[in-house]
Amino acid sequence: MKSSLLVGLGCICSVLSARGASMSISSNPGQDVMMKVDLPANNTEGVPVSCSFTFQTAKGLLGPSSNPTSQSGFANSAQDLFAITVQPATKAAFVHFFLTSANGNVLLVSDVNARVAKLLSPPWKDDAEGFLRVETIQGRKAQLQTTDFAHAPFQSHTFWVNVDAMGGITVAP
């Protein structure tokens, strides 16, 4: 029933794909965003695997600062690290990482903001807890940005993190 509702409301869809896994995003504007990961048949069972995650959000996804209305998400060239930034409200943004492996595992890292905030020093530490966006992904590194909305003019801090195959996050040099 939900999929027919999405089609009936004019689903917005974006797909990132390559030789490995693929990610597609569909949006039901004003209500939710669904991120789907499809893995090829080279997993341990020898059949394709698909999983989806639905995020309740009135605003949708937030793209990079260069294109904030982008709804396409992010992926590295190996197609084993994907990311989206969910924007539930203005001046709030939460990053989610999705990691895939050749044997068919999909790992959701939903507490990226909290993990990253622990790695930053004030004032960026507090800002990252409530607003963090993905700028780009290169290999196993993600460029992230947080913004201080408490003090005008708003200042942003952009930095890189490493994301390991198990979802561990460290600040990149």
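In this report, the structure presented in the accompanying data block is examined.

## A short note on the sheet that holds strand β9 (residues 133-138)
Logical step 1: The strand order across the open sheet built from 4 strands is β9-β10-β11-β12, with neighbouring strands paired in antiparallel fashion. The open sheet terminates on both sides in strands that have one partner only, identified here as β9 and β12 (169-171). Mean inter-strand twist for the sheet, computed between neighbouring axes without regard to direction, equals 35 degrees.
Logical step 2: Here 8 bridges tie strand β10 (residues 141-148) to strand β11 (residues 155-163), and the two strands are oriented antiparallel to one another.

## Observations concerning the nonpolar core
Logical step 1: The biggest cluster of nonpolar side chains holds 22 residues, and the ones touching the most others in it are Phe97, Val112, Val116, Leu132 and Leu144.
Logical step 2: Taken together, the elements giving at least two residues each to this core come down to β6 (81-89), β7 (92-100), α2 (112-119), α3 (124-130), β9, β10 and β11.
Logical step 3: In this view, leucine 132 contacts Thr85, Ala93, Phe94, Val95, Val112, Asn113, Val116, Leu144, Gln145, Thr146 and Phe159; residues no more than four positions away in its chain are not counted.

## A closer look at unusual backbone geometry
Logical step 1: The omega torsion across proline 122 and proline 123 is 0 degrees, close enough to zero to call that bond cis.
Logical step 2: For proline 123, the location among the structural elements is in the loop between α2 and α3.
Logical step 3: Backbone torsion omega between alanine 152 and proline 153 reads -5 degrees, so that peptide bond is classified as cis.
Logical step 4: Its location among the elements puts proline 153 in the loop between β10 and β11.

## A look at the sheet that holds strand β8 (residues 106-109)
Logical step 1: Ordered by their spatial adjacency, 4 strands build an open sheet running β5-β6-β7-β8, and the pairing between neighbours is antiparallel. Edge strands, defined here as strands with exactly one partner in the open sheet, are β5 (74-75) and β8.
Logical step 2: With 7 bridges joining them, β6 and β7 adopt antiparallel strand pairing. Counterpart to alanine 83 in the pairing with β7 is phenylalanine 97.
Logical step 3: Contacts between α2 and the sheet are confined to β7 and β8, with β7 contributing the most and set at about 100 degrees to the helix.

## Thoughts on α2
Logical step 1: Every buried residue of α2 is accounted for by Val112, Asn113, Val116 and Ala117. All buried residues of α2 lie within an arc of 130 degrees about the axis, which places them on one face of the element.
Logical step 2: Here the buried face of α2 lies against β7, β8, α3, β10, β11 and β12.

## What about the packing of aromatic side chains?
The description of an aromatic ring pair rests on the distance of the ring centres and on the angle between the ring planes.
Logical step 1: Counting across every chain of the model gives 4 aromatic pairs.
Logical step 2: Between the aromatic rings of phenylalanine 131 and phenylalanine 149, the centroid separation amounts to 5.0 Å while the plane-to-plane angle is 90 degrees, which identifies the pairing as edge-to-face. Placement of the pair is phenylalanine 131 in the loop between α3 and β9 and phenylalanine 149 in the loop between β10 and β11, with a sequence separation of 18 residues.
Logical step 3: Among the residues examined, phenylalanine 149 registers a relative accessible area of 25% and is labelled partly exposed.
Logical step 4: With a centroid separation of 5.1 Å and an interplanar angle of 75 degrees, the aromatic rings of phenylalanine 149 and phenylalanine 154 are classed as edge-to-face.
Logical step 5: With relative accessibility at 42%, the residue phenylalanine 154 sits in the partly exposed group.
Logical step 6: Among the aromatic residues, ring-to-ring pairing joins Phe53, Phe55 and Phe98 into one connected group.

## Looking at the pattern of salt bridges
Logical step 1: Applying the stated criterion across every chain yields a total of 3 salt bridges.
Logical step 2: As a salt-bridge pair, arginine 140 and aspartate 80 come within 3.1 Å of each other at their nearest N and O atoms. In this pair, arginine 140 sits in the loop between β9 and β10 while aspartate 80 sits in the loop between β5 and β6, placing the two residues 60 residues apart along the sequence.
Logical step 3: The exposure class assigned to arginine 140 is partly exposed, which follows from its relative accessible area of 26%.
Logical step 4: A relative accessible area of 21% means that aspartate 80 is categorised as partly exposed.

Here is what the cut-offs are and how they apply
- Going along each chain's sequence as written, the residues are numbered from 1 onward.
- Totals for whole chains, interfaces and linings use every residue, but because this is a predicted model, local features are given only for residues with pLDDT of at least 70 and side-chain atom pairs only at 80 or more, for both listing and counting.
- Excluding hydrogens and water, the side-chain figures rest on all heavy atoms present in the structure.
- The pairing criterion is simple: DSSP has to find at least two bridges between the two strands.
- The way it works is that DSSP assigns letters per residue, a run of H or I at least four long becomes a helix, a run of E at least two long becomes a strand, and they are numbered from the N terminus.
- The axes used here are C-alpha line fits, helices contributing only the stretch in contact, and every angle between their N-to-C directions lies in the interval 0 to 180 degrees.
- Residues belong to a common nonpolar core when they are buried Ala, Val, Leu, Ile, Met, Phe, Trp, Tyr or Cys residues joined through side-chain atoms within 4.5 Å.
- Classification of residues uses two cut-offs on accessible area relative to the type maximum, computed with a 1.4 Å probe and protein chains only: under 20% is buried, over 50% is exposed, and between them is partly exposed.
- Whether two residues touch is decided by their heavy atoms; if any such pair falls within 4.5 Å, the residues are in contact.
- Directions drawn from the helix axis to the C-beta atoms are what define this arc.
- Aromatic pairing here means that ring centres of Phe, Tyr or Trp (its six-membered ring) are within 6.5 Å. Orientation follows from the plane angle: under 30 degrees is stacked, over 60 is edge-to-face, and everything else is tilted.
- The salt bridge definition used is simple: a Lys or Arg side-chain nitrogen within 4 Å of an Asp or Glu carboxyl oxygen.

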